Amino acid sequence: MAKRHEPWESVYQRIQVLPRPNFVRVPPVTDAELDEAESQLGLRLPDSYRDFIKRFGPGDLVGYTLWPVTRQENRRLGSLIEIAANRREAVASDPEGFANPAWESGIVYFGRYGPHEVVWDSTAVVDKRASEYRVYDVCWEEEQEPLAIADSFWQFIEQVEAWSRSPHNLFRRGEGGLYFVPAELRAKKGPRKREAKPWLEWNNGMVMQIARTIRDEGRTEALPMLADALEEAGCTNADLIESCRRGQPEVDGRWVVEILLGKK
C-alpha cells in the first residue's frame with residue numbers, strides 16, 4: 001500500500017535547517033519518548049507534531065522556540081512534559097489565581113515567541129484521525145484572552161511561514177521563509193593545537209591525508225575512517241570522534257576538518 005501523503009509534508013519540505021557545526025545538538029526524539037509523553041500528558045500528540053519533532057527536533061523556527069519533549073541535560077531548555085506538569089500543578093494549587101482555570105489545566109505549551117506562548121487546547125479536537133487540536137497564542141498576563149491562530153500544529157507552521165515574510169518580522173531573512181535552528185546542549189570541546197599535532201603526524205600523516213581528502217574532494221563518507229585513524233593515533237576527544245561517527249557529515253564533518261586543518 002502506498003504511503004499516505006500527509007497535508008503537512010509539502011510545508012515541512014520547505015523548512016531550511018541551519019545547525020551550528022560547533023555545538024552539540026539535542027538528540028533526535030524517539031517514538032518511545034513521544035509515547036511516554038502522551039502517557040504523562042494523558043492525550044495523543046498531534047500526528048503532524050510527532051512527524052515534525054522526530055524529523056527536526058526541538059529548536060528555533062523563525063523566532064519561535066519549540067520545546068524539547070523531555071528534560072535535557074542542559075536545564076535552561078524547558079520541556080513539553082515539565083511545563084505542562086508545572087502549569088497543571090499551579091492551577092490545581094491556586095485556581096483563583098487564573099482567569100480560566102478549567103481551560104488552563106487542559107492546554108499544552110509547546111513553544112514560545114517572546115512574551116507569547118503557543119499552546120494546544122486538548123479539549124478542542126479539530127481532526128480526530130490525526131489528533132489535531134486548535135492552537136492558541138497566549139500572551140503573558142493576558143491569559144484571559146487567548147487568540148486562536150490555527151486548527152492544527154502543521155497549520156501553525158504555515159502561519160509561521162506567512163509571518164516570516166512579513167516586513168514587520170524581526171527574524172526575517174531575505175525574502176523570508178521557514179528556517180530552523182536545532183536546539184543545542186553545549187558547545188563542542190575541540191582539542192588544542194598542541195594536542196592535535198601528534199595525531200596529524202601519526203603514521204606518516206595518515207590523519208591529515210584523510211582529513212584533506214574529505215575537505216578537498218568532499219569525501220564525507222570517509223569520516224568513520226578518520227575516526228578510526230584518530231583513535232589509533234591516540235585521540236581521546238569525545239566530541240571529535242562523535243562528530244565523525246554520528247554527526248551530520250556536511251555540518252559536523254566540516255567542524256572536524258576545520259579543527260584538524262584550520263579554515264581553508
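Values in this document were obtained by computation on a predicted structure and should not be read as measured data. (Residues numbered from 1 in each chain as written. Predicted model: local features only at pLDDT ≥ 70, side-chain atom pairs only at ≥ 80, totals over all residues. Heavy atoms only, no water.)

1. Remarks on the overall build of the chain
Convention followed: The helix count covers DSSP runs of H or I at least four residues long, the strand count covers runs of E at least two residues long, and both are numbered beginning at the N terminus. Only protein chains enter the calculation, and the probe is 1.4 Å; a residue is then buried if its accessible area is under 20% of its type maximum, exposed if over 50%, and partly exposed in between. Here the Shrake-Rupley method, with its probe set to 1.4 Å, supplies the accessible areas, and only the displayed protein chains count as covering residues. A positive count includes Lys and Arg, and a negative count includes Asp and Glu. His and the chain ends are not counted in either. Every charge is mapped to an atom, namely NZ of Lys, CZ of Arg, CG of Asp or CD of Glu.
For the chain, the helix and strand inventory stands at 10 helices and 10 strands. When the 264 residues of the chain are sorted by exposure, 45% land in the buried category. For the chain, the exposed area adds up to about 14500 Å²; of that, 48% sits on carbon and sulfur atoms. Charge separation in the chain, taken as the distance between the mean sites of 36 positive and 43 negative side-chain charges, equals 7 Å.

2. Here's the deal with the pairing of strand 7 (residues 132-139)
Which entries qualify depends on this criterion: Two strands qualify as a pair provided that DSSP identifies no fewer than 2 bridges between them.
Of all the eight residues making up strand 7, seven are buried; the element is thus mostly covered by neighbouring parts of the structure. For strand 6 (residues 116-127) and strand 7, the ladder comprises seven bridges, and the chain directions are antiparallel. Each bridged residue has a counterpart across the sheet, and for Val-119 the counterpart in strand 7 is Tyr-136. Linkage of strand 6 to strand 7, two consecutive antiparallel strands, is achieved through a turn of four residues, within which Ser-131 is found at a positive phi near 55 degrees. Across three bridges, the pairing between strand 7 and strand 8 (residues 147-150) is antiparallel. Within strand 8, the position partnered with Asp-137 by the bridge is Leu-147.

3. Details of unusual backbone geometry
Negative phi characterises most residues that are not glycine, and trans characterises most peptide bonds. In this structure, Val-62 is a non-glycine residue whose phi angle is positive, near 50 degrees. Tracing the backbone through its elements, the reader meets Val-62 in the loop between strand 3 (59-61) and strand 4 (64-66). In this model, Asn-203 sits at a positive phi of 50 degrees, which is unusual for a non-glycine residue. Tracing the backbone shows Asn-203 in helix 7 (residues 193-217).

4. Some thoughts on the layout of surface pockets
For clarity, the threshold we go by: The definitions used throughout rest on a 1 Å grid laid over the protein atoms alone, on which a cavity is an enclosed set of points accommodating a 1.4 Å probe that cannot get out and a pocket is an open set flanked by protein within 12 Å on both sides along at least five of seven lines; lining residues are those having an atom within 4 Å of a point. Grid points are joined across faces, edges and corners, and a volume is the space filled by probe spheres set on the points. For this classification, Asp, Glu, Lys and Arg are treated as charged, while Ala, Val, Leu, Ile, Met, Phe, Trp, Tyr, Cys and Pro are nonpolar and the rest, including Gly, are polar.
Space inside the largest pocket adds up to approximately 560 Å³. Around the largest pocket, the lining is made up of 27 residues, and of these Arg-25, Val-26, Pro-27, Pro-28 and Gln-248 lie nearest the centre. At the level of secondary structure, the elements contributing two or more residues to the lining of the largest pocket comprise strand 2 (23-25), helix 3 (47-56), strand 10 (184-187) and helix 9 (238-245). Taken together, the residues of the lining of the largest pocket break down into 14 nonpolar, four polar and nine charged.

5. Things to note about the sheet that holds strand 1 (residues 16-17)
To keep it simple, the criterion reads: Residue contacts are counted whenever heavy atoms from the two residues lie within 4.5 Å of one another. Axis definition: a line fitted to C-alpha atoms, over the contacting stretch in the case of helices. Angles run 0 to 180 degrees between N-to-C directions.
Judged by pairing direction, the sheet is mixed, and its eight strands sit side by side in the order 1-9-3-4-5-6-7-8 without closing on themselves. Each of the sheet's edge strands pairs with one partner strand only, and the pair in question is strand 1 and strand 8. Here strand 3 pairs with strand 4 via three bridges, running antiparallel. Bridged to Asp-60 within strand 4 is Thr-65. The strands that helix 4 (residues 80-93) touches are strand 5 (107-113) and strand 6; relative to strand 5, the one it contacts most, it runs at about 120 degrees.

6. Some thoughts on helix 9
Restricting attention to buried positions, one finds in helix 9 the residues Asp-239, Leu-240, Ile-241, Ser-243 and Cys-244. For helix 9, the secondary structure elements touched by its buried residues are strand 2, strand 10, helix 7, helix 8 (223-232) and helix 10 (252-261).

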